[in-house]
Structure formats: structure tokens, C-alpha cells
Amino acid sequence: MVEKPAVGELTPPDRTLMGPGPSEVHPRVLRAMSTQLVGHLDPSFVEIMDEVQELLRYTFRTDNEWTIPVSGTGSAAMEAAVANVVEPGDTMLVPTNGYFGGRMASMAERAGGDVVHVDAPWGEPLDPADVAAAFDEHQPDVFGFVHAETSTGVLQPNVPELTDVAHDHDALVIADSVTSLGGVELKVDDWGIDVAYSGPQKCLSCPPGASPLTLNDRAMDKVLSREEEARSWYLDLSLLEGYWGEDRAYHHTAPITNVYALREALRLVAEEGIEQRWARHRDVAGALKSGVEAMGLEMNAPDDYWLPSLNAVRVPDGVTDTDVTGYLLDQYDLEIATGLGDLDGDIFRIGCMGYSARAETVSYLMAALGDALDAQGADVDVESGLAATAAALGDR
């Protein structure tokens, strides 16, 4: 007989989250999550759905009618984008310069697509000339790129140059904006992006569970005219259109509390102003960058494509990355992450996203990181690092 488990009250540690996600959740978002449920077809919830869609359009900088939160984590929004746009027999061009380009490839293959690659080293952005050459060689139907590569700390510049190449070849463009939406400049319409997806737990400072996705009319026309149904019933956008479109017809029970949370997180974006929010992330992360460099550490990405929301810092000689991250957890209840894939063991990944992108949080991080590195015997100048961060933060 199975015995009754003795499980106590939930008491997770009180961490300061400065890793690649999740970021710290804003107190107002937490309060929104404690609000009583209504039904997912309740007229009041339908109004909330409308508000969330309007707020998402503002944050994505798009007029796309088809802009929704997908029920699931950011990977669900990613799969909804790829698996609906890529049909069996389509060719999808994906990058090799980070972990999440590889995930795009896997999803496209599962959707029945043929995957081809445009190459760039991990830690570098795509070169538009290389993208153009890949298009000339492979003539893909769909092009996917990662705007903010969480595994390398690289921000893709020259986005309109990439989308122009794709559109000259009559291809659709899917942009991974998981670590950029709400944190760094992203203009879906102005930059010619056909499909963009994101996650709420990064720069929006919202728990995972309802993930942003937007498609323009051209992309949605392709979805609705598919000859073969999408292989996922749950993520089939032609079915979800009935729920998130004008009909508001039942498809599945939406994660109501997560939609409440996303609504409040997006309200915070609108209150701050999207341009001001981009500037805050750049300024506060810039103080972090100034501090680690003054301490004697090296950023993984050059200044031209440094990603403010995810700072990849090279692990100094003689230091084991996991010793530092473990020390920070044990001594400071502070989370940062180590590298993925080709950069495993080589970098620390330090998030500066959403509610975590604050002067007091970055100051705490810098003091804790300096102590952790000093304890591991690293050759770092902690005082210079702290002074540089303080000077850059100024009166923030």
C-alpha cells in the first residue's frame, strides 16, 4: 500500500535571480497571480484577452492582428511558430551560432521540413552576406534567426538586412525574441519580421506559462492554407484562431492565472514606455559590464553586438565556473548560470532583465561575484569593479 507522503509547507529559498531566466518577478505581477479565477470563456476574461493582445502589440511594436500568448513556456511559442509555418517539404534556413538555432532546426525537422544552415561561430552574429549566400544556394522557404542568443550573449545587429534578403527570395522570417522582447530594441513591423515569439520569464519579469507570439497576415495566410494539418493539435494555430480570434470559441482551457500575470507584466511595460525600458536595460546592464571589465574580466561578445539582457562573461583562468555559481548560491542566494554547448565551462551567463535590471540588484551581484571570484583565487580587482559599477549607476 502506498503511504501518505509527509510533505511540508512550500518554502523555496529567496533567491536573487540574475541568470538567463527566469528573472525576478515584479511584486505587482505576483499580486495579479493571486487574483480569483474566472472561466476561460467568461465575458470578463474575453476582455482581458483583448487587453493582453493590445499590450503585446505595443511591446512587439506591431499592428499584427494575430498576436497572442501561447499556453506554455517560450519553447511552446517557438514550436507554435516553427511547426505551423514549416510544412512537410519546406526548406528552413537556421543559424549555427548558438544553442537555440539548433532547437529551431530540431523543431523544423519534426515538422517535416528540410533544414539547411547559415554558419557563424558561437559568440558571433550572422553576417548578412553569408545569409544571402545561403539563400542563393538553398532557396529556403523559411528563415529563422535568434535576435538575442541566450547561450552566447550576442545581439543580432542588422536585422532589416537579414529580412530584406529573405523577402527578396519570397521566404518568411521567424525571429526568436525570447531574451529581447521588452529588454532591447525590437521592432517587428519596421524590421520586416513575419513571425516572432518570446518567453515571459525574461525581460517581462513574469512567470513562464503564457508566451508571446505574433504573425503577420502573410505568415498567417500560409498557416491557414496548409495542405496538411500541423502535427500538433494543441499548438495548431488554425484551431487556436477560433479562440483568440473574433469567435472566442473553445479550444483548450487557457492558463488563466498566467494570462493575468502577463497582462500585469505588459501593463508595467506600457507604463514605463517601451523606449524607456530599452534604455533602462542598456544603462543598468552597462553598469554591470563596466564593473566586470574594470574587475579584469572579459565579455564574450564585442561591444558591437553585446546583449544587455544577457551578459556572457568569460571565466577567468584558474577558476572553475561551477565553483563560482555554487558559491553564489550557497553564500548569497544569488543565481547566475554557466555556459551551454560550445561555451560550456567558458562563460558565466548573467541576466539583467526586467525587474532584475535595477541598480540595487546589479550592485549586489557585483559585490557577491567579486567575493566569489576572490574566494576561488581569481586574479581580479574587486574594488575597481565595484567603483566602476557605482560610477556608471550614478543616481539610478
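To be clear, the structure that these remarks concern was listed above.
Rules used throughout
Residues numbered from 1 in each chain as written. Predicted model: local features only at pLDDT ≥ 70, side-chain atom pairs only at ≥ 80, totals over all residues. Heavy atoms only, no water. Core = buried A, V, L, I, M, F, W, Y, C linked by side-chain atoms within 4.5 Å. Buried < 20%, exposed > 50% of the residue type's maximum accessible area, 1.4 Å probe, protein only. Helix = DSSP H or I, 4+ residues; strand = E, 2+ residues; numbered from the N terminus. Contact = heavy atoms within 4.5 Å. Salt bridge = Lys/Arg side-chain N within 4 Å of Asp/Glu carboxyl O. Axes fitted to C-alpha atoms, helices over the stretch in contact; angles between N-to-C directions. Nonpolar A, V, L, I, M, F, W, Y, C, P; charged D, E, K, R; others polar. Parallel < 35°, antiparallel > 145°, perpendicular 65-115°, else oblique. Left-handed = near helix turned anticlockwise from the far one by under 90°. Pairing = 2+ DSSP bridges.

> I tried to follow the nonpolar core on my own but got confused; where do I start?
Buried together is how nonpolar side chains tend to be arranged in soluble globular proteins. Core analysis: the biggest nonpolar cluster contains 82 residues, and Phe143, Leu213, Leu215 and Leu237 have the highest contact counts within it. The greatest single-element share of this core, amounting to nine residues, is contributed by helix H9 (residues 256-272). When sequence neighbours within four positions are dropped, the list of residues in contact with Phe143 reads Leu93, Val118, Leu126, Val131, Phe135, Leu162, Ala166, Leu172, Val173 and Ile174. Counting 29 residues, the second largest nonpolar core, distinct from the first, contains Leu288, Val315, Leu328 and Leu373.

> Got a minute to help me understand the pattern of salt bridges in this structure?
Pairing between side chains of opposite charge can happen when their charged atoms approach one another. As enumerated under the stated definition, the model contains 19 salt bridges in all. The residue Arg218 makes a salt bridge to Asp170 at a minimum N-O spacing of 3.0 Å. With Arg218 in helix H7 (residues 217-224) and Asp170 in the loop between helix H6 (159-168) and strand S8 (172-176), this pair connects stretches of sequence that are 48 residues apart. Taking relative accessible area as the criterion, Arg218 reaches 34% and is therefore assigned partly exposed. Residue classification places Asp170 among the exposed residues on the basis of a relative accessible area of 58%. Here Glu272 makes a salt bridge to Arg280, at a shortest N to O gap of 2.6 Å.

> I'm lost on the packing of H7 against helix H8 (residues 237-244) in this one. Help?
When two helices pack together, their arrangement is given by the angle between their axes and by how far apart the axes lie. Following both chains from N to C, one finds H7 and H8 inclined at 115 degrees, their axes separated by 9 Å at the closest point. Listed contacts from H8 to Met220, Val223 and Leu224 of H7 are Leu237, Ser238 and Glu241. In terms of residue class, the contact of H7 with H8 is built from four nonpolar, one polar and one charged.

> Before we go on, may I ask you to explain the packing of helix H10 (residues 274-295) against helix H13 (residues 382-393) in this structure?
As a packed pair, H10 and H13 sit with axes 7 Å apart at the nearest point and diverge in direction by 155 degrees. Taken together, the axis directions place H10 and H13 in an arrangement best described as roughly antiparallel. The chirality of how H10 crosses H13 is right-handed. Residues Ala287, Ser290, Gly291, Ala294 and Met295 of H10 touch H13, and the partners they reach there are Val382, Ser384, Gly385, Ala388, Thr389, Ala392 and Leu393. Class assignment for the residues of the contact of H10 with H13 results in seven nonpolar, five polar and no charged.

> Is there a simple way to think about the pairing of strand S5 (residues 142-146) in this case?
Side-chain direction in a regular strand flips from residue to residue, so the side chains alternate between the two faces of the sheet. Among the five residues that make up S5, five are buried, leaving the element largely enclosed by the rest of the structure. By the alternation rule, side chains of S5 split into Val142, Gly144 and Val146 and Phe143 and Phe145, which are all buried. The sheet contact formed by strand S3 (residues 91-95) and S5 spans two bridges and is parallel. Bridging from a neighbouring strand, Met92 pairs with Val142 of S5. Summarising the sheet, S5 and S8 pair through five bridges and their orientation is parallel. Its bridge partner lying in S8, Phe143 is registered against Val173.

Functional significance is not addressed by these values, which are geometric in nature.
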